[in-house]
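Chain by chain, the residues:
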Amino acid sequence: MAAVGSGGSTATAGPGAVSAGALEPGTSSAAHRRLKYISLAVLVVQNASLILSIRYARTLPGDRFFATTAVVMAEVLKGLTCLLLLFAQKRGNVKHLVLFLHEAVLVQYMDTLKLAVPSLIYTLQNNLQYVAISNLPAATFQVTYQLKILTTALFSVLMLNRSLSRLQWASLLLLFTGVAIVQAQQAGGGGPRPLDQNPGVGLAAVVASCLSSGFAGVYFEKILKGSSGSVWLRNLQLGLFGTALGLVGLWWAEGTAVAHRGFFFGYTPAVWGVVLNQAFGGLLVAVVVKYADNILKGFATSLSIVLSTVASIRLFGFHVDPLFALGAGLVIGAVYLYSLPRGAAKAIASASAPTSGPCTHQQPPGQPPPPQLSSHHGDLSTEPFLPKSVLVK
């Protein structure tokens with residue numbers, strides 16, 4: 001499911017909700033720290049729980065639900081939630097809400113139609129995730145799915161003319177190497193697997209999902225730069241397109257079976273948990289992500305990989321061998337390095353350089369120290385480009 005920030009910029013908002021001028025410095029710092037910890041917890045739980053819950057629901061004995069219906073239901077619930085939030089913003093005035101939606105959706109139809117392409121890609125991506133998780137262990141999927149960082153970075157360079165630092169290029173190479181090692185371990189056996197799983201199909205699905213995620217995120221940012229639409233309006237528009245396109249995909253892929261057995265065939269509490277996670281998880285992240293800087297988001301991704309691996313061992317009997325541990329470790333390190341701000345990356349690079357000699361910079365006596373590096377930047381040009389982590393289709 002997709003949840004977006006206002007104007008398409010979702011990954012760069014700093015902790016602006018806590019105003020330093022409105023609170024005492026100590027209170028502001030403590031509140032900010034609490035919000036960061038809450039953001040970290042939400043990001044870790046949402047990243048890991050969705051993959052684990054899908055894997056659990058798809059491996060339960062008994063009738064298997066139709067993945068296409070779960071995708072449609074998630075879009076419907078997301079759209080209804082955003083509609084209710086917009087209704088609340090209009091103070092419960094139905095007339096004002098109808099006029100607002102008429103203007104935003106129908107009168108400005110060209111702006112609405114721009115969302116058709118990313119919505120189509122995200123709907124495809126949602127279905128591909130079910131295919132991938134059904135054919136790969138949850139931990140293997142979680143590690144491999146980090147290739148979306150690589151695809152998003154490449155599309156951002158090609159479509160937005162962004163530049164990456166040397167450390168970022170090195171971290172992308174490290175990321176690819178780690179994923180390749182994990183996939184080599186998977187192809188080499190990696191322990192027993194159910195007969196109905198096909199690792200080749202799972203790998204193809206997750207790679208296609210990463211490509212679609214990278215392209216859609218960058219395309220979405222490109223077409224909506226400068227847009228004034230609210231976060232809930234954008235998600236409502238995506239939900240409308242997602243529902244319509246999801247129904248088309250359902251009819252094309254599983255229409256006969258759904259007509260014969262019913263839309264909610266195979267639905268259990270676990271399946272409803274997956275649907276609710278997809279529908280509300282991304283919206284929740286859209287709210288809390290503005291309190292999380294890029295380093296925190298990278299750390300959350302790394303923690304979610306660890307959590308998924310540990311849970312997979314407990315829930316699914318996943319076996320961690322040295323090859324998987326090496327590949328996953330490289331991916332975790334690459335995610336963290338890529339998330340570092342440019343200033344911090346330069347500091348790391350300079351730390352390994354000689355500190356003596358004519359090139360060493362000395363702070364002149366009596367001069368104020370240079371400003372401390374911060375991971376919060378309002379300017380997009382000063383931040384490393386991360387995949388829009390709130391575009392979590």
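Being a predicted model, the structure only gives us computed values, none of them experimental. (Residues numbered from 1 in each chain as written. Predicted model: local features only at pLDDT ≥ 70, side-chain atom pairs only at ≥ 80, totals over all residues. Heavy atoms only, no water.)

## Topic: helix α13 (residues 322-339)
Argument step 1. The first and last C-alpha atoms of α13 sit 26 Å apart over 18 residues, in line with the 26 Å expected at 1.5 Å per residue.
Argument step 2. Among all positions of α13, only Phe324, Gly327, Ala328, Val331, Ala334, Val335, Tyr338 and Ser339 are buried. With its buried residues spanning 125° around the axis, α13 presents them on a single face. (Helix = DSSP H or I, 4+ residues; strand = E, 2+ residues; numbered from the N terminus. Expected span 1.5 Å × (residues − 1). Buried < 20%, exposed > 50% of the residue type's maximum accessible area, 1.4 Å probe, protein only. Arc of directions from axis to C-beta.)

## Here we look at the packing of aromatic side chains
In this description, an aromatic ring pair is defined by two values, namely the gap between the centres and the angle between the planes.
Argument step 1. Tallied over the entire structure, the rule returns eleven aromatic pairs.
Argument step 2. Aromatic pair Tyr267 and Trp272: ring centres 5.2 Å apart, planes at 65°, arrangement edge-to-face.
Argument step 3. On the basis of relative accessibility, which here comes to 14%, the residue Tyr267 falls in the buried class.
Argument step 4. The exposure class assigned to Trp272 is partly exposed, which follows from its relative accessible area of 32%.
Argument step 5. One aromatic cluster in this structure is built from Phe65, Tyr130, Phe263, Phe264, Tyr267 and Trp272.
Argument step 6. The lysine or arginine in question, Arg58, covers the ring of Phe65, its NZ or CZ lying 4.9 Å from the ring centre.
Argument step 7. Its end group placed over the ring of Phe100, Lys90 keeps NZ or CZ at 4.3 Å from the ring centre. (Phe/Tyr/Trp six-rings, centres within 6.5 Å; stacked < 30°, edge-to-face > 60°. Lys NZ or Arg CZ within 6 Å of the ring centre and 35° of its normal.)

## A few points about the UniProt feature "transmembrane region" (unreviewed entry) in the chain
Argument step 1. Mapped onto the present numbering, the UniProt feature "transmembrane region" (unreviewed entry) falls at residues 37-58, 64-87, 169-188, 200-220, 232-252, 264-289, 296-317 and 323-340.
Argument step 2. Across residues 37-58, helical content stands at 100% and strand content at 0%; the span's end C-alpha atoms are separated by 32 Å.
Argument step 3. This span, residues 232-252, is 100% helix and 0% strand, and a straight line between its end C-alpha atoms measures 30 Å. (UniProt positions renumbered as here; feature names shortened; annotations may be inferred.)

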